[in-house]
Amino acid sequence: LGVAANDPTYHAAYSNLNGQPALVFDGTNDALYAAAFTAIPQPWSLVAITYQGTLASRAIGSAQVGAGASSYMGTITSGTVWYLGTSAASISGGTVTTGGHVAVGVVNGASSLIAVDGVTVATGTIGSGTATRTGIGVDGGTAKPWNGAVSLFGLYAGDFTADPAY
């Protein structure tokens, strides 16, 4: 972002994530964006190792889809339900708890899903679109800034849950 006050804080050993390095987001205005990249067609996945500090509707991270709409993975309903989607279509489910989680959102048309800690918590249709940029701690804007830590966040070309490494 170029504004130090809006940057997450780096911790070399974050205690709530077993001493692993993490970016800590204040839940107010912290965000980190990657530069635009060559479009990745569906299926693609948002993958995160996170620490949920408080239960609130927040975005762990986002992917810009096509010409500007964002798809984000995070929590809704006062932070109690996992969410993946865009303004046009979304899926949600499962129960969010505070603490550490491995969250995966797979955007794959009618076969989209959310998996948390190895368990699929929601399936459904997200729609079409290619990923062209990512952001951590935001939903593509600053409407739902993350309040917690992110040890790993990535955009995976493919269905991450189908990879043998998962």
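Residues numbered from 1 in each chain as written. Predicted model: local features only at pLDDT ≥ 70, side-chain atom pairs only at ≥ 80, totals over all residues. Heavy atoms only, no water.

Caption draft 1: Representation of the packing of aromatic side chains. In total, this model carries 3 aromatic pairs according to the counting rule given. The interplanar angle of 35° and the centroid separation of 4.8 Å between the aromatic rings of Tyr 72 and Tyr 83 together place this pair among those described as tilted. Within this pair, whereas Tyr 72 is found in strand β6 (residues 69-76), its partner Tyr 83 is found in strand β7 (residues 81-85), the two being separated by 11 residues in sequence. With respect to class, Tyr 72 is no different from Tyr 83; both count as buried. Centroid distance Tyr 156 to Phe 160: 5.0 Å. Interplanar angle 85°. Geometry classified as edge-to-face. Given a relative accessible area of 26%, Tyr 156 falls into the partly exposed group. On the basis of relative accessible area, Phe 160 is assigned to the buried category, the value being 19%. (Phe/Tyr/Trp six-rings, centres within 6.5 Å; stacked < 30°, edge-to-face > 60°. Helix = DSSP H or I, 4+ residues; strand = E, 2+ residues; numbered from the N terminus. Buried < 20%, exposed > 50% of the residue type's maximum accessible area, 1.4 Å probe, protein only.)

Caption draft 2: Focus on the confidence of the model for the protein. Taken residue by residue, the protein gives an average pLDDT of 83. The fraction at 70 or more is 90%. Averaged over each element, pLDDT in the protein is lowest for strand β5 (residues 59-65) (74) and highest for strand β11 (residues 119-124) (94). (pLDDT = per-residue confidence, 0-100.)

Caption draft 3: The arrangement of the nonpolar core in detail. Of all hydrophobic cores here, the largest spans 24 residues; its most connected members are Ile 60 and Leu 84. Broken down by element, this core gets its largest block of residues, 3 residues, from strand β4 (residues 44-52). For Leu 84, the residues in contact, after removing those within four places along its chain, are Leu 46, Ser 71, Tyr 72, Met 73, Ser 90, Ile 91, Gly 105, Val 106, Val 107, Leu 113, Ile 114 and Ile 126. (Core = buried A, V, L, I, M, F, W, Y, C linked by side-chain atoms within 4.5 Å. Contact = heavy atoms within 4.5 Å.)

Caption draft 4: Region of interest: unusual backbone geometry. Omega for the bond connecting Gln 42 with Pro 43 falls within 30 degrees of zero, at 0°, which places this linkage in the cis form. Considering the arrangement of structural elements, one finds Pro 43 in the loop between β3 (32-33) and β4. One non-glycine residue with positive phi stands out, namely Asn 18, at about 55°. Looking at the secondary structure, you find Asn 18 in the loop between β1 (9-14) and β2 (20-26).

Caption draft 5: Just a nonpolar patch on the surface, in detail. Where nonpolar side chains cluster on the molecular surface, the patch consists of Ile 49, Val 102, Leu 152 and Tyr 166 and spans about 290 Å² of accessible area. For Val 102, the location among the structural elements is in strand β9 (residues 99-107). (Patch = residues over 30% accessible without salt bridge, like charges linked within 9 Å, V, L, I, M, F, W, Y side chains within 5 Å. Areas by Shrake-Rupley, 256 points an atom, 1.4 Å probe, with all protein chains shown as cover. Salt bridge = Lys/Arg side-chain N within 4 Å of Asp/Glu carboxyl O.)

Caption draft 6: Spatial organisation of the environment of Ala 34. Turning to its location among the elements, Ala 34 is positioned in the loop between β3 and β4. What makes Ala 34 partly exposed here is its relative accessible area of 31%. Setting aside residues up to four positions removed in sequence, Ala 34 forms contacts with Arg 133 and Thr 134.

Caption draft 7: View of the pairing of strand β8 (residues 90-93). Burial along β8 is one-sided: Ile 91 and Gly 93 are buried, while Ser 90 and Ser 92, pointing the other way, are not. Examined bridge by bridge, β7 and β8 share 4 bridges and lie antiparallel to one another. Within the sheet, the bridge partner assigned to Tyr 83 lies in β8 and is Ser 92. (Pairing = 2+ DSSP bridges.)

Caption draft 8: Structural detail: the sheet that holds β9. Spatially, 7 strands are ordered β1-β2-β13-β4-β9-β10-β11 in an open sheet, and the strand pairing comes out antiparallel. Where the open sheet ends on each side, the last strands, each with one partner, are β1 and β11. In this sheet, neighbouring strand axes are inclined to one another by 30° on average, regardless of whether the strands run parallel or antiparallel. Looking at chain direction, strand β10 (residues 112-116) and β11 are connected through 5 bridges and run antiparallel. In the strand pairing of β11, Ser 112 is matched with Gly 124. (Axes fitted to C-alpha atoms, helices over the stretch in contact; angles between N-to-C directions.)

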